[in-house]
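Fold and geometry: a report
What follows is each chain in one-letter form.
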Amino acid sequence: MGDMARQTGATCGAEHHDADIVVVGAGPAGLAAAVALAGGPTDALGEEARPRRVISAGPPFAPDPERPDTRTTALFRGGVTLLERLGAFEGCRPHSAPLKAIRIIDDTGRLLRAPETLFRAEELGWNAFGYNIPNRALVAALRDALDARPACEALETRGITAITPGCDAVRLQTAEGRSLRARLVVGADGRGSLCRKAAGIDSRAWSYPQVAIACNFSHSARHDFVSTEFHRPAGPFTTVPLPGDASSLVWVETPAEAERLMALDEAAFASAIEARLQGLLGTVTETGPRAAFPLKGLTARALAARRIALVGEAAHVIPPIGAQGLNLGFRDVGALVDCVAAAEEAGADIGAPETLAAYESARRADVWSRTVAVDALNRTLLSDLLPAQLLRSVGLSLIGALAPLRRLVMREGVQPTG
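Our subject in this report is the structure included herewith. (Residues numbered from 1 in each chain as written. Predicted model: local features only at pLDDT ≥ 70, side-chain atom pairs only at ≥ 80, totals over all residues. Heavy atoms only, no water.)

What to know about the overall build of the protein
Quick note on the threshold: Strands are runs of DSSP state E lasting at least 2 residues, helices are runs of H or I lasting at least 4, and numbering of each runs from the N terminus. Accessible area is worked out with a 1.4 Å probe on protein chains only. A residue is then buried under 20% of its type maximum, exposed over 50%, and partly exposed in between. The contact rule is simple, with two residues in contact once any of their heavy atoms fall within 4.5 Å. A 1.4 Å probe and the Shrake-Rupley method give the accessible areas. Residues count as covered only by the protein chains that appear here.
Assigned secondary structure in the protein consists of 12 helices and 20 strands. For the protein, with 418 residues in total, the buried portion stands at 52%. A sequence separation of at least 24 residues applies to 74% of the contacts in the protein between residues at least 6 apart. When the accessible area of the protein is evaluated, it comes to approximately 18,100 Å², of which 55% is carbon and sulfur surface.

Given below as structure tokens:
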């Protein structure tokens, strides 16, 4: 411990803390972490909680009316429950659509193809697997919930420029020159995380030969609140319901094809969507702004160290398959709230190695298993090897034919028990 103090320039002993916790990053995962950790009348588990002093540090929330954010997030039941307990879901509900079923269609055109598989929430006695929520509505609702927490400060900054862990606090410096000290820092600052680097945590990153195109579109036929994934050789083509006769789209293609699609005018792009949907949603009547991003993966070698805990894409990045990304991040938040509350109840330090080890233990299996599963599924689509195609085809066939297995897959995919 003395070595760490000398390395960081920190001194052990009592000192003033600007906050119990500083959350770096103001995306959905970071905002959810700040609100949940701030506590208040009820915490994220619905229990009485002592308010904690929390600073949420991130860029200003300034939606551009000329370039609206049209991205959406499919949140499963656990994520929706977290939003409800944070008082944020009611702000999302009018803009969101329930996900009552998920359909997987093998559109690879290969010799070994899986039968169509349909997962229905009602088979588990649920009304829906979750909700598809526009990102702008999600962020706005979480910011409103943050503003409603008196113990939580929203610090608008161009960025955190330095993070220095010490023996009893972490020191942070903002781009504007403000200095902060906290017992625990939550890194929700994305795949290039400065928090991860400050904690001394290595990461493994990789790329896929794929680019995802995201947009929203309107259509003439009803979606009946069914999300559909067409599994194609270049990657998945996924539509997710929105309110009314509209859906969000994530279309994964080769880089060359994605570049061609992005260059199409609206009419030609709408026709291309119709062709891929094979008439499933009727005529595509309108398409919104498009965004394209290369598919990448990342996993941190550890999830916490040196009074810094990582959540969301600072800890893990996976392809947009099976809607696992932000759902994983929200489960990070829930586990971290549990570990911090347990440390407080025991009279322990919320940033101590034991608290961080408990968080690591709570999250490692879920993060590892989801990363491996999504990566494997994506690679079976890209692979021309017959064993890979056979494995995928047999697996989906068994899931479709065996009701107990299908229900197990649905439960674990939506609300893991581990």
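Details of the environment of L356
Along the chain, the position of L356 falls in helix 10 (residues 353-382). C-alpha separation for the pair L356 and A309, spaced 47 residues apart in sequence, amounts to 6.9 Å.

Topic: the packing of aromatic side chains
The line we're drawing: The rule is short: rings of Phe, Tyr and Trp, with Trp giving its six-membered ring, pair when the centres are within 6.5 Å, and they are stacked under 30 degrees, edge-to-face over 60, tilted in between. Only Lys NZ and Arg CZ are tested; either one counts as a charge over a ring when it is within 6 Å of the ring centre and within 35 degrees of the ring normal.
Inspection of every chain in the model, using the stated rule, returns 5 aromatic pairs. The interplanar angle of 75° and the centroid separation of 5.9 Å between the aromatic rings of F230 and F237 together place this pair among those described as edge-to-face. Residue F230 is classed as buried on the basis of its relative accessible area, which comes to 2%. In textbook terms, an aromatic cluster arises when at least three aromatic residues are bridged by ring pairs, as seen for F230, F237, W251 and F269. Over the ring of W126 we find R77, and its NZ or CZ is 4.2 Å from the ring centre. Between R290 and the ring centre of F269, over which it is positioned, the NZ or CZ distance is 4.2 Å.

Things to note about the nonpolar core
Within soluble globular proteins, side chains that are nonpolar tend to cluster in buried spots. How we decide: As used in this record, nonpolar core signifies buried Ala, Val, Leu, Ile, Met, Phe, Trp, Tyr and Cys residues forming a set joined through side-chain atoms within 4.5 Å.
Ranked by internal contacts, the top residues of the largest apolar core, which has 75 residues, are V22, L37, L83, L172 and Y359. Among all residues touching L83, those that are not within four sequence positions of it are L75, A88, F89, C92, I133, L138, L142 and F330. Core analysis: the second largest hydrophobic core is formed by 18 residues, I213, F217, F230 and L281 among them.

Some thoughts on the side chain of R196
Rules: A residue counts as positive if it is Lys or Arg and as negative if it is Asp or Glu; His and the chain ends are not included. Any carboxyl oxygen of Asp or Glu within 4 Å of a side-chain nitrogen of Lys or Arg constitutes a salt bridge here.
Examined against the element boundaries, R196 turns out to sit in helix 6 (residues 194-198). Buried and unpaired, R196 has D189 as its nearest opposite-charge partner, separated by 6.6 Å.

Points about the side chain of T371
Examined against the element boundaries, T371 turns out to sit in helix 10. Residues in contact with T371, not counting those within four places in the same chain, are W206 and I318.

A closer look at the sheet that holds strand 7 (residues 130-134)
Defined as follows: DSSP calls a pair of strands paired once it identifies at least 2 bridges connecting them. All axes here are fitted lines through C-alpha atoms, helices being fitted over the stretch that makes contact, and every angle between N-to-C directions spans 0 to 180 degrees.
The 3 strands are arranged 3-7-4 in an open sheet whose pairing can be described as antiparallel. Edge positions in the open sheet fall to strand 3 (72-76) and strand 4 (97-99), since each of these has one partner strand only. The mean angle between the axes of side-by-side strands here comes to 30°, regardless of whether they run parallel or antiparallel. Across 5 bridges, strand 3 lies against strand 7 in antiparallel orientation. The residue of strand 7 that forms the bridge with A74 is N132. Where helix 3 (residues 77-85) meets the sheet, its contacts fall on strand 3 and strand 7, and the angle it forms with strand 3 comes to roughly 95°. On the sheet, helix 5 (residues 135-147) packs against strand 3 and strand 7 and is oriented at approximately 90° with respect to strand 7.

Digging into the pattern of salt bridges
Tallying each qualifying case throughout the model produces 18 salt bridges. Among the salt bridges present, the one from D20 reaches R53, with a minimum N-O distance of 3.6 Å. Placement of D20 in strand 1 (residues 19-24) and of R53 in the loop between helix 2 (28-38) and strand 2 (54-58) is noted, with a sequence separation of 33 residues between them. Looking at R53, the relative accessible area reads 39%, which means it is partly exposed. For R222, the salt bridge is made with D224, and the minimal N-O distance between the two is 2.9 Å. Here R222 falls in the exposed class, since its relative accessible area comes to 63%. Via salt bridges that share partners, R331, D332, R363, D366 and R370 belong to a single interconnected network.

Quick word on empty space enclosed by the protein
Spelled out, the test is: As defined here, a cavity is a set of points on a 1 Å grid over the protein atoms alone where a 1.4 Å probe fits but cannot get out. A pocket is an open set with protein on both sides within 12 Å along at least five of seven lines, and residues line them when an atom is within 4 Å of a point. Grid points are joined across faces, edges and corners, and a volume is the space filled by probe spheres set on the points. Lys, Arg, Asp and Glu make up the charged group, whereas Ala, Val, Leu, Ile, Met, Phe, Trp, Tyr, Cys and Pro make up the nonpolar group; the residues left over, Gly among them, are polar.
The full count for this structure, using the stated rule, is 1 cavity of 30 Å³ or more. For the largest cavity, the calculated volume is near 50 Å³. Forming the boundary of the largest cavity are A26, L31, S56, A57, G58, P59, R143, L146, A154, L155 and E156. Where the lining of the largest cavity is concerned, the elements lending two or more residues are strand 2, helix 5 and strand 8 (152-156). Of the residues belonging to the lining of the largest cavity, the class tally is 7 nonpolar, 2 polar and 2 charged.

Thoughts on the environment of L310
Residue position: L310 is located in strand 19 (residues 308-310). By relative accessible area, which is 0% here, L310 ends up buried. Sequence-distant contacts of L310, defined by excluding residues within four places in its chain, comprise G187, S193, C195, R196, I201, A300, A302, L303, A315 and Y359.

Focus on the environment of A57
Positionally, A57 belongs in strand 2. Apart from the residues within four sequence positions on either side, A57 is in contact with V23, V24, G25, A26, L155, T157 and I160.

Digging into the packing of helix 2 against helix 5
Just so we agree on the cut-off: Every angle not falling under 35 degrees, over 145, or within 65 to 115 is termed oblique; those three ranges are roughly parallel, roughly antiparallel and roughly perpendicular. Two helices cross in a left-handed way if the nearer one is turned anticlockwise from the farther one by less than a right angle. They cross in a right-handed way if the turn is clockwise.
Their axes nearest at 9 Å, the elements helix 2 and helix 5 cross at an angle of 20°. Judged on the interaxial angle alone, helix 5 and helix 2 are roughly parallel. Crossing angle aside, the handedness with which helix 2 passes helix 5 is left-handed. On helix 5, the residues that touch P28, L31, A32, A34 and V35 of helix 2 are L138, V139, L142, R143, A145 and L146. For the contact of helix 2 with helix 5, the residue count by class is 10 nonpolar, no polar and 1 charged.

No statement about biological role is implied by the geometric values presented.
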